[in-house]
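Secondary and tertiary structure notes
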Amino acid sequence: MSDTQQNRYMNGNSPSWCPGCSYFTVLSALTECFDERGIDPNEICVISGIGCSSRLPLFLNTHGMHTLHGRPLPVAIGSRLARPDIPVIVATGDGDLLSIGAAHFVHAARKNFDITVICLDNRLYAMTKNQTSPTSPIGYKGSLTPYGKLSAPLNTTELAISSGASMVCRSCAYDKAHLKKMIDAAMNHRGFSLVDVIAPCRTFGDHEKEITKRLYDLQTKDHKFDDRESAMRAAARVYDSDSDENAGIPVGVVWKRDDMLCFDDQVKLVLTENEGKYSSINDILDEFRPGRGNVTQ
Ligand SMILES: Cc1ncc(C[n+]2csc(CCOP(=O)(O)OP(=O)(O)O)c2C)c(N)n1
Ligand code: SF4
Ligand SMILES: [Mg+2]
């Protein structure tokens, strides 16, 4: 793609990330993906929380919102429900999504809202200058843990699958072609999709060499992504899940089911079952307005 084409998704603000930050590649993969899909900037919405990773929508010429730390999902769900015709992407970090935002993540996945979450996981809080995050490995020495992190890391892909997400992918910011493929596949999916991106922080923890040589693509390995046992086995393999630090880290579509009804489809079912009574979800919501039907003041 030419610069000009990609730039129609950029608003002219220069990304304020450190030189060499892996997030540049995520931004580039996302805009190239929009371009290849022929998306009008006016027909897509990118929502984030707070963190270096959550700065991503600040550079885009699309609809979007830079919300509160940990709260991109409630805002994304609201946007999706209000404008089901506009696809919603969430750009978030491991701290934003899995610390303060963890409950939103679990329940958004469980309810299978039709949104795509891209988690830029650098395994630390970068914006606040290197504290441990839920995905930091045991022993990680952050600015507030000089003796090393004591608790075990949380596994994002496992958590997403067990919470009820209908599509879970893993990719790495150091392989843009693969990342683009995963974002595109997640956007094609109807239901809650997660793209868990290994996206190291150049300033506080750069693991480029060690990571790239360990990645292998599940889609070249006869992986059964619709089989829960196979998916959980692949999800379990992350950076530090193995005592062998050279062990492979699988990337690709880890889990995908097309037979899990997303929230929108469940609402449609209710409307069909109550044909004649309601013509849209607003008619149902009207019954809950003060002084009406189901609500007493
Ligand atoms: C309610 C609230 N709590 C804490 C903070 C401070 N804070 C800002 S960004 C951040 C962590 C960001 O980590 P992550 O989401 O992993 O993003 P990264 O900077 O690593 O890309 C924290 C704790 C805040 N802004 N608001
Ligand atoms: S501190 Fe790390 S994550 Fe934040 S912009 Fe710099 S390199 Fe990227
Ligand atoms: Mg982080």
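1. Regarding the site of ligand 2
Taken together, the residues surrounding ligand 2 are Trp17, Cys18, Cys21, Tyr23, Cys52, Asn122, Ala126, Cys201, Arg202, Thr203 and Phe204. The residue inventory of the shell around ligand 2, partitioned by class, reads eight nonpolar, two polar and one charged.

2. Side note on helix α5 (residues 102-110)
Side chains three or four residues apart in an α-helix point the same way, a direct result of the helix having 3.6 residues per turn. Along α5, the residues that are buried comprise His104, Phe105, Ala108 and Ala109. On an axial view of α5, the arc spanned by its buried residues comes to 125°, and they lie on one face. The elements touched by buried residues of α5 are α3 (72-82), α4 (94-100) and α6 (156-163). Residue Asn112 follows α5 closely and has a positive phi angle near 55°.

3. A closer look at the sheet that holds strand β1 (residues 45-48)
The strand order β2-β1-β3-β4-β8-β7-β10-β9 describes an open sheet built from eight strands, whose pairing is mixed. Strands with a single pairing partner mark the edges of an open sheet, and in this sheet they are β2 (63-66) and β9 (215-217). With strand direction ignored, the average angle separating the axes of adjacent strands in the sheet is 20°. Pairing geometry for strand β4 (residues 116-121) and strand β8 (residues 193-198), over six bridges, is parallel. Within β8, the position partnered with Asp121 by the bridge is Ile198. Helix α7 (residues 176-188) rests against β4, β7 (167-172), β8 and β10 (249-256) of the sheet, and its axis sits at about 165° to β7.

4. Brief notes about the site of ligand 1
Around ligand 1, 18 residues are found, and the nearest of them are Gly51, His69, Gly93, Gly95 and Asp96. Contributing elements (two or more residues each) for the shell around ligand 1: α4 and β5 (124-125). Among the elements that take part in the shell around ligand 1, α4 stands out by supplying four residues, more than any other. In terms of residue class, the shell around ligand 1 is built from eight nonpolar, eight polar and two charged.

5. Overview of unusual backbone geometry
Peptide bonds are trans in most cases, and residues, glycine excluded, mostly fall at negative phi. At Arg123, a position not held by glycine, the phi torsion is positive, near 60°. Locating Arg123 in the fold gives a position in the loop between β4 and β5. On the basis of neighbour counts, which here come to 27 C-beta atoms within 10 Å, the residue Arg123 falls in the buried class.

Reading the values: rules and limits
Residues numbered from 1 in each chain as written. Chains lettered and ligands numbered in written order. Predicted model: local features only at pLDDT ≥ 70, side-chain atom pairs only at ≥ 80, totals over all residues. Near = placed C-beta within 6 Å. Nonpolar A, V, L, I, M, F, W, Y, C, P; charged D, E, K, R; others polar. Buried ≥ 20, exposed ≤ 12 C-beta atoms within 10 Å, placed from the backbone. Helix = DSSP H or I, 4+ residues; strand = E, 2+ residues; numbered from the N terminus. Arc of directions from axis to C-beta. Contact = placed C-beta atoms within 7 Å. Pairing = 2+ DSSP bridges. Axes fitted to C-alpha atoms, helices over the stretch in contact; angles between N-to-C directions.

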